[in-house]
Amino acid sequence: MNPSNPKSDFVHVNGIRLHYLDWGGVGRTLIFLTGMGSSAYIFGGFAPRFTNKFRVLALTRRGQGDSDTPETGYDADTLTEDIRQFMDALHIKKAILAGHSLAGVELTHFAATHPTRVEKLVYLDALDDRRGLQAIQEQSPLKGIEIKKEESSRILLKNILPI
């Protein structure tokens, strides 16, 4: 398979059709999950770089790109089930999941729901699942440190846009 020209295909899961790209490759499976408003093609610029060590796939979530757009099924449980059924359809027992943006919620939920199916999680500028936010905040080593928004914004702007 030519890594710069991935195989484009569909899988039927959860009563719908999801689009995915397959760059091929050797080794463990690496699955890229898209953010909101994106399709698997968003990973085309760098996914082929991993084919020397991984079998590389990218899945377009329901409601995006060429995947079906049902009226329902956009909750974390259903999106997670879409990923599990995708892996089952391609006979993938365990994978490294790399998610961009909103896919971070799916990564976290999938790992909690199907821990034996996950080798590693990679968050690419991704959101996380906020259901455990209070417990996370209580354990944070930064919980007693006050950060003044005005001051941090001024420092950030000064570093980005020197005056």
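Structure: see above.
Since this is a predicted model, take the numbers as computed values, not measurements. (Residues numbered from 1 in each chain as written. Predicted model: local features only at pLDDT ≥ 70, side-chain atom pairs only at ≥ 80, totals over all residues. Heavy atoms only, no water.)

Caption draft 1: Spatial organisation of the packing of helix H1 (residues 76–89) against helix H2 (residues 103–113). In contact at an axis separation of 9 Å, H1 and H2 are set at 70° when each is read in the N-to-C sense. Judged by the inter-axis angle, H1 sits roughly perpendicular to H2. Together, Ala 76, Asp 77, Leu 79, Thr 80, Ile 83, Arg 84 and Met 87 of H1 and Val 105, Glu 106, His 109, Phe 110 and Thr 113 of H2 make up the contact between the two elements. (Axes fitted to C-alpha atoms, helices over the stretch in contact; angles between N-to-C directions. Helix = DSSP H or I, 4+ residues; strand = E, 2+ residues; numbered from the N terminus. Parallel < 35°, antiparallel > 145°, perpendicular 65-115°, else oblique. Contact = heavy atoms within 4.5 Å.)

Caption draft 2: Representation of empty space enclosed by the protein within the structure. All chains considered together, the criterion is met by 1 cavity of 30 Å³ or more. Put simply, the largest cavity is a space of about 50 Å³. Taken together, Leu 18, Leu 33, Leu 59, Thr 60, Arg 61, Arg 62, Leu 79, Asp 82, Ile 83 and Glu 106 make up the full set of residues lining the largest cavity. If you tally residues by element for the lining of the largest cavity, the top one is H1, at 3 residues. Its residues assigned to classes, the lining of the largest cavity comprises 5 nonpolar, 1 polar and 4 charged. (1 Å grid on protein atoms, 1.4 Å probe; cavity = no way out; pocket = protein on both sides within 12 Å on 5 of 7 lines; lining within 4 Å. Points joined across faces, edges and corners; volume = space filled by probe spheres on them. Nonpolar A, V, L, I, M, F, W, Y, C, P; charged D, E, K, R; others polar.)

Caption draft 3: Just the pairing of strand E5 (residues 95–100), in detail. Counting buried positions along E5 gives 5 out of 6 residues, so the element sits mostly inside the fold. As judged from the 4 bridges shared by strand E3 (residues 28–33) and E5, these two strands associate in the parallel manner. Note that in E5 the partner of Leu 33 across the bridge is Gly 99. Inspection of the sheet shows E5 paired to strand E6 (residues 118–124) by 6 bridges, in the parallel sense. Its bridge partner lying in E6, Ala 98 is registered against Val 122. The parallel pair E5 and E6, bridged by H2, forms a crossover whose chirality is right-handed. (Buried < 20%, exposed > 50% of the residue type's maximum accessible area, 1.4 Å probe, protein only. Pairing = 2+ DSSP bridges. Right-handed = clockwise from strand over helix to strand, strands pointing away.)

Caption draft 4: How the structure looks around H2. Buried residues of H2: Ala 103, Gly 104, Glu 106, Leu 107, His 109 and Phe 110, and no others. Residues of H2 that are buried make contact with E3, H1, E5 and E6.

Caption draft 5: Up close: the packing of aromatic side chains. By the definition in use, this model includes 6 aromatic pairs. Considering the side-chain rings of Phe 43 and Phe 46, the 5.9 Å spacing of their centres and the 90° angle between planes classify their relative orientation as edge-to-face. Taking relative accessible area as the criterion, Phe 43 reaches 3% and is therefore assigned buried. One aromatic cluster is present, formed by Phe 32, Phe 43, Phe 46 and Phe 50 through successive ring pairs. Directly above the ring of Phe 10 sits Arg 17, whose terminal nitrogen or CZ lies 3.8 Å from the centroid. (Phe/Tyr/Trp six-rings, centres within 6.5 Å; stacked < 30°, edge-to-face > 60°. Lys NZ or Arg CZ within 6 Å of the ring centre and 35° of its normal.)

Caption draft 6: Quick peek at the nonpolar core. Ile 31, Phe 86 and Met 87 are the most contacted members of the largest nonpolar core, which has 20 residues in total. Of all the elements in the fold, those that place two or more residues in this core are strand E1 (7–13), strand E2 (16–25), E3, strand E4 (54–59), H1, E5 and H2. Those residues within four positions of Phe 86 in sequence are excluded, and the remaining contacts are Val 11, Val 13, Tyr 20, Ile 31, Leu 57 and Leu 59. Listed in part, the 12 residues of the second largest apolar core include Trp 23, Phe 32, Ala 58 and Ala 98. (Core = buried A, V, L, I, M, F, W, Y, C linked by side-chain atoms within 4.5 Å.)

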